[in-house]
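Residue-level structure breakdown
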Amino acid sequence: MDSKITNSILYLDNVSVSFDGFRALNALSFVIEPGELRAIIGPNGAGKTTMMDIITGKTRPDQGEVYFDGAIDLTRKDEAEIAQLGIGRKFQKPTVFESHTIWDNLELALNRKRGVFSTLFYRLTTEDKARIEHILETVRLTARKNDYAANLSHGQKQWLEIGMLLAQEPKLLLVDEPVAGMTDAETSETALLLKDIAKTRSVVVVEHDMGFIRDLGVKVTCLAEGSVLAEGSIDFVSNDPKVIENYLGR
Amino acid sequence: MITEFLLSRHEKKTLVVAALILLAAILVPLANLLAPEGSLLHVPDHLVPLMGKYLCYALLALALDLVWGYCGILSLGHGAFFALGGYAMGMYLMRQIGPRGVYANPLLPDFMVFLNWKELPWYWTGFNHFWFAGLMVLLVPGLLAFVFGWFAFRSRVTGVYLSIITQAMTYALLLAFFRNEMGFGGNNGLTDFKDILGANIQAPETRATLFAMTALLLALSLILSSAIVRSKYGKVLIGVRDAESRTRFLGYRVENMKLFIFTVSAMMAGIAGALYVPQVGIINPGEFAPANSIEVVIWTAVGGRGTLIGPIIGAILVNFGKTIFTAAFPEFWLFALGALFIATTLFLPKGIVGTVMQGSKARAERQKAVAAEKGRTAAQPSQGAAAHETQAAE
Amino acid sequence: MIRARSRPSLFSPVRWRLAAACRLFVLALVLTAACGFSPAAAQEALRPLVNALGTGGFPERAEAVKALAATGDPKVPEILTYLNDGELYAPKAGGAVYRIASGNTVIDPLTGAPVEGVAAGGLQKIRLNNTLRGAITTAMSQLTLLSPDRDKRFSAAQDILKSADPAQLALVDGALAQEKDNAIKGLLGAARAVMVLRSDHSVEEKKAAIETVAARGNRDALTILTTALAGAPADLVPVIEGKIEGIERQMALWDVAQNIWYGLSLGSVLLLAAIGLAITFGVMGVINMAHGEMVMLGAYTTYVVQQAVATYAPALSTYGLAIAVPTAFLVTGLIGVAIERGIIRFLYGRPLETLLATWGLSLILQQAIRSIFGPTNRQVDNPPWMSGTVDVGGLAVTWNRLWIIVFSIAVFFALLTLLKRSRLGLQMRAVTQNRRMASSMGIRTPYVDALTFGLGSGIAGMAGVALSQIDNVSPNLGQNYIIDSFMVVVFGGVGNLWGTLVGALSLGIANKFLEPYAGAVLGKILILVLIILFIQRRPRGLFALKGRAIEQ
């Protein structure tokens, strides 16, 4: 097998998908190294969300290869399987279980056996309890652990969702617009949190906020019309004439 | 593990309702059999099966609530599972008639003799044993739900699409059971039952026992349902209801989650049907009518879906209303039922229990807020006083 | 028991028709007799033949009937009718034949004058058996073959073809020589051919006869040829076999065509019922369980319009249906707008609640109609231009079905044009795709919602007008169509009118093709099961929209 595949955490090659004649992804290829934090930018309709749909098994590509963790072909697996393999996904619109408490949200996200009967007879162990409390600390929601998630502010929901991803203990996190609707202070705290997370796992962040991406200070991939337009450091990408033309504007 | 599971923390109101139902299981038969006629405590004979019927409906509504209220699957075909359970019990009761039928055939039920059938169809074998019929009461609806759900949930048929195909399912069964060739008595269904487990089915003692059994099974089902919905699995179900894709991306197999609760719920509906048939004395294809299944939905909605006691209260209230109404103004019952559908969806989307719970929760929160406010105002004057003092000291 | 059994057979269709034909004929004859056509002398010449009816066993009497018929006397059918009706009596020993019509008056069957001195008690009814009845039928046909009335000759020719007794060959030849009408000629020709086949004519003549029979190409021809095959000479066998095969192939084709026709007819009904639903469910995403009741209201509107027209403007009664179409559209459309404003607008985005509320509404509407019009069926008449059948080859095409197909296609394309070309259509599509954007661009979304729902309901009302022509107009009318309509929309793919068209027609045709093998009920169950399985394979129907937009 290609060493590029075996050495990567995520490997996309020549991936295309169309909806009713509209080509959402057009021969998209890129590679994420283990432990890497990658930012993805691009105009609306560039295929960012479709790319995430394909990685997480929500959409099947028309053609192309998608490999995870060196050898696992993701195009043959569904969402649950892929999540169990260790890919976590945060949606653009924060999606948490609104009628559960914050504690329950995290308990559900914990990386434990997820079958019907294992959940039916599940008892909260001290180990799990400690783990949840640790995550609560990380996402700063300890004080609100018994509140319903519906009552959280927008930013807090984003953080809870990130917390849920952490509870899932994924090898790769896909984070879609984590700072949309956040205050500046929250945004920079989120950047810190993501950098912290990236110490132990790979993270792919899709974001429009250039300031936030500059805060992250990592390799940037710019997508447009379903394929990679440019890749490199933020300064390199933001000076690329094609990127300026397509995305940033003059 | 099972007992631990069943005895795990329940909500207080669930336990109270379960206790009330158990109390009824004891008191109603006693008041019927022992209290002298004419006394205030006496429950007349005709009321016992009527109340038993309400409890069967309550069990059916509870079963529906498990899938609709907790998992967001609006089944418009739960009447089919109820009817299948009923038919399984009806087949047992038919075989108990034996040579006492009009045609006095020791083996074949009357309608088969009438249709000139010579042999008992293979699927009627075994139904002369109560244990076998009891098993079928669980297995037949369970299996149908499992197969149906396996296909539907795997291919992610959700929302109204699922509702429509569950309705089509019960409609197809309705058409099928109307056919004489099916061997379930066609149009007339199964009736003229004589006895159950050797006891005369018409006797007050039998009816009182049937009522007690119904109440007992309802209470047990309530406790079982409570254990299910309060487990981590139950929380996953609510997750599926509120944010299905989030559940999936957390690694849960949503189709398996749905399939399990759908099958359990269908079995529960089957039990309700099996208890219903000996108490009303007949089962016919009319029970498969789509309208019946939708009516169950409205009981659940009125009582409050997503609460366990809501459907029980809703089923009893609506059916009690139906009894009163159809006796007093039979012409207007459909108007009333129709209006109930509209009013519930428009003005009481959480149902009675849901609205009351919301009210009490809001009150509790207000009290909490008031208490916190009080705490602050209690602290403030001292601060103010302290400030005053410092000011005064200056 | 036996008596009770035998009674209905007296009214069995064939005999009833025969009796009716006889009576008509008698009436005609009585009229001609009144004109002084039948001289007494000729009557008296008949008498020995009439008297022969009373003697001997059944075979002898049958001969007597034949002899009577052979005279061709116009009085004969009258006599035969009396015989057929059991009004002729004879003494036990035989001899003169009398008629006892009513009471105990004995009359002369030929003159109709009362006969003195013969006691009714001494007479015995001349009994009939099937041979004798057959002889009477044939005799009557022979006589009527020459009748001046075209319809009578036609039915006589049909009768002759049915019996096709070679003994009547001469009679048929005679009739053929005189006949001008082509349809009757065809029948007689066929009858002649069959007779030739059954007689001992030459092989050449028989071959020609086989051609003539085979040219008819229907089931009767098949039966004739199959019977002929049994007694055919060796060199005719392959000819007949070839013809039989040809007819069978042809009939199989016509059967397929007939099934397709029935399927199209059912499909067009489904299309009419589903198309309004395709608007409310497909375009707006609203589950309207009261849709069937809109259809029902349309049918009742037709009834009311028809009654009103009959009372106030009887001259227009032929066009009652044409008036009912726009009326039903308006009535149900307005009710639809009222429902949208009163209930549905509070429930957007909550499809399951909409389902329940509209179900409640359907209960109320059904009960309201039941309270106003009663629970029984109402009679809605077919206008003359919608009644009757036309034969197209081996197809029987009923006019009302044909009109409904035309109507449903017309409604479909009108709707398609409305959605694609009109301003309202554009606004509707805009609102369904992005409500907030549409409203910020100045489209009054509540207004569009109400109109869209009204449009869907109005189309349902028009469907009701069509259904009133082929189905019972009762409060339950809508219930019979609601599940099927949903199946059509879901099968065809939500939000796509073409899908609804294809869905309706293919479900209709599939249903009619399954019916012969599985029976009507089982066929329907099979269709339901197939759709359920299909939805599992393609949860979004035949013509599904793909992409991100539909996920929301």
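This is a predicted model, so every value here is computed, not measured.

Any two aromatic rings considered together are summarised by their centre-to-centre distance and by the angle between their planes. Counted by the stated rule, this structure contains 36 aromatic pairs over all chains. Seen from their ring centres, tryptophan 131 of chain B and phenylalanine 132 of chain B are 5.8 Å apart, and the 85° between their planes marks the pair as edge-to-face. Its guanidinium or amino end placed over the ring of tyrosine 122 of chain A, lysine 232 of chain B lies 4.1 Å from that ring's centre, counting from NZ or CZ. Geometry around tyrosine 82 of chain C places arginine 99 of chain C over its ring, the cationic atom sitting 3.8 Å from the centre.

Right, let's get into the UniProt feature "transmembrane region" (unreviewed entry) in chain C. Residues and elements named next belong to chain C. In this numbering, the UniProt entry assigns the feature "transmembrane region" (unreviewed entry) to residues 260–287, 294–313, 319–339, 351–369, 402–419, 486–510 and 516–535. In residues 260–287, the share of helix is 86% and the share of strand is 0%. The end C-alpha atoms are 31 Å apart. Structurally, residues 486–510 is divided into 84% helix and 0% strand, and its ends, taken at the C-alpha atoms, are 16 Å apart.

Let us look at the sheet that holds strand β6 (residues 87–90) of chain A. Residue and element names in this part refer to chain A. Read across the open sheet, the 6 strands follow the order β6-β7-β8-β3-β9-β10; overall the sheet is mixed. Unpaired on one side and paired on the other, β6 and β10 (227–232) mark the two borders of the sheet. Ignoring which end each strand starts from, the neighbouring axes of this sheet average 20° apart. In this structure, β6 lies alongside strand β7 (residues 172–176), joined through 4 bridges in parallel fashion. By the bridge assignment, lysine 90 is partnered in β7 with valine 175. Helix α7 (residues 154–167) contacts β6 and β7 of the sheet and is inclined by roughly 175° relative to β6.

Let us now look at the domain arrangement of chain B. One widely used convention gives an interface's size as the accessible area the parts lose upon coming together. Residue and element names in this part refer to chain B. If you check the domain split of chain B, you get domain 1 (2–337) and domain 2 (350–394). Once you take the C-alpha centre of each, domain 1 and domain 2 turn out to be 49 Å apart. Opposite the 11 residues of domain 1 that make contact, domain 2 presents 6 residues. Note on domain 1 versus domain 2: buried area summed over both sides is about 510 Å², and carbon and sulfur give 76% of it. Taken as a group, Lys13, Val302 and Thr307 account for 47% of the area that domain 1 buries against domain 2, more than any other trio of residues on that side. Linking domain 1 with domain 2 are 0 salt bridges. Scanning the region where domain 1 abuts domain 2 turns up 3 residue pairs in polar contact (both at pLDDT 80 or more).

Quick look at the interface of chain A and chain B now. Each partner contributes residues to the interface: chain A has 36 residues there, and chain B has 31 residues. Taken together, both faces of the contact between chain A and chain B bury some 3,000 Å²; the carbon and sulfur share is 63%. The interface formed by chain A and chain B includes 6 salt bridges. The salt bridge partner of aspartate 104 of chain A is lysine 235 of chain B, with a shortest N-O separation of 3.0 Å. Counting across the interface, chain A meets chain B through 16 residue pairs in polar contact (both at pLDDT 80 or more). Elements represented by at least two residues in the side of chain A that touches chain B include exactly α3 (79–85), β6, α4 (102–109), α5 (116–120) and α7 of chain A. Within the side of chain A that touches chain B, the residues separate by chemical class into 16 nonpolar, 8 polar and 12 charged.

Turning our attention to the interface of chain B and chain C. On the chain C side, the residues contacting the 40 residues of chain B number 38 residues. At the boundary of chain B with chain C, total buried surface from both sides reaches about 3,600 Å², with 79% on carbon and sulfur atoms. Where chain B packs against chain C, one counts 1 salt bridge. A salt bridge links arginine 305 of chain B to glutamate 353 of chain C; the shortest N-O distance between them is 3.4 Å. Inspection of the chain B/chain C interface yields 3 residue pairs in polar contact (both at pLDDT 80 or more). At 13 residues, helix α7 (residues 159–178) of chain B tops the list of elements feeding residues into the side of chain B that touches chain C.

Moving on, we come to the pairing of strand β4 (residues 63–68) of chain A. Residue and element names in this part refer to chain A. Summarising the sheet, strand β1 (residues 10–19) and β4 pair through 5 bridges and their orientation is antiparallel. What sits directly across from leucine 12, in β4, is valine 66. Across 2 bridges, the pairing between β4 and strand β5 (residues 72–73) is antiparallel. Paired with tyrosine 67 across the two strands is aspartate 73, which belongs to β5.

All names here are of chain C. Direction vectors running N to C along helix α4 (residues 58–71) and helix α5 (residues 76–84) enclose 155°, while the axes themselves pass 9 Å from each other. Judged by the inter-axis angle, α4 sits roughly antiparallel to α5. Contacts between α4 and α5 involve Val65, Leu68, Ala69 and Thr71 on the former and, on the latter, Val76, Ile79, Leu80 and Leu83.

Here we come to the environment of valine 489 of chain C. Residues and elements named next belong to chain C. One can find valine 489 in helix α20 (residues 479–492). Accessibility expressed as a relative area gives 1% for valine 489, which makes it buried. Residues contacting valine 489, with those up to four places away along its chain left out, are Ala274, Leu277, Ala278, Phe281 and Val494.

Turning our eyes to something else, we now look at the sheet that holds β4 of chain A. Residues and elements named next belong to chain A. Reading across the sheet, the 4 strands line up as β2-β1-β4-β5 and stay open at both edges, with antiparallel pairing between neighbours. The sheet terminates laterally at β2 (22–32) and β5, the two strands that pair on one side only. Bridging between β1 and β2 involves 7 bridges; their strand directions are antiparallel. Each bridged residue has a counterpart across the sheet, and for phenylalanine 19 the counterpart in β2 is phenylalanine 22. Packing against the sheet, helix α2 (residues 48–55) makes contact with β1, β2 and β4, and its axis sits at approximately 115° to β1.

All names here are of chain A. The first and last C-alpha atoms of helix α8 (residues 184–197) sit 20 Å apart over 14 residues, in line with the 20 Å expected at 1.5 Å per residue. When we look at burial in α8, the residues that qualify are Thr187, Thr190, Ala191, Leu193, Leu194 and Ile197. Down the axis, α8 shows its buried residues gathered within 165° of arc, on one side only. Exposed and facing more than 90 degrees away from the buried side of α8 are Asp184 and Leu192.

All names here are of chain C. Contact geometry of helix α9 (residues 182–198) with helix α10 (residues 203–216) gives a least axis separation of 8 Å together with a crossing angle of 135°. Overall, the two elements α9 and α10 adopt an arrangement that is oblique. In the crossing of α9 with α10, the sense of the turn from one axis to the other is left-handed. Taking contact as the criterion, the partners of Gly186, Leu187, Gly189, Ala190, Arg192, Ala193, Val194, Val196 and Leu197 in α9 are, on α10, Glu205, Lys206, Ala209, Ile210, Thr212, Val213 and Arg216. Of the residues belonging to the contact of α9 with α10, the class tally is 9 nonpolar, 3 polar and 4 charged.

Cut-offs used in this document
Residues numbered from 1 in each chain as written. Chains lettered and ligands numbered in written order. Predicted model: local features only at pLDDT ≥ 70, side-chain atom pairs only at ≥ 80, totals over all residues. Heavy atoms only, no water. Phe/Tyr/Trp six-rings, centres within 6.5 Å; stacked < 30°, edge-to-face > 60°. Lys NZ or Arg CZ within 6 Å of the ring centre and 35° of its normal. UniProt positions renumbered as here; feature names shortened; annotations may be inferred. Helix = DSSP H or I, 4+ residues; strand = E, 2+ residues; numbered from the N terminus. Pairing = 2+ DSSP bridges. Axes fitted to C-alpha atoms, helices over the stretch in contact; angles between N-to-C directions. Contact = heavy atoms within 4.5 Å. Domains from an automatic or database assignment. Buried area = accessible area lost by both parts, 1.4 Å probe. Salt bridge = Lys/Arg side-chain N within 4 Å of Asp/Glu carboxyl O. Polar contact = N/O pair within 3.5 Å; in protein donor to acceptor, adjacent residues only side chain to side chain. Nonpolar A, V, L, I, M, F, W, Y, C, P; charged D, E, K, R; others polar. Parallel < 35°, antiparallel > 145°, perpendicular 65-115°, else oblique. Buried < 20%, exposed > 50% of the residue type's maximum accessible area, 1.4 Å probe, protein only. Expected span 1.5 Å × (residues − 1). Arc of directions from axis to C-beta. Left-handed = near helix turned anticlockwise from the far one by under 90°.

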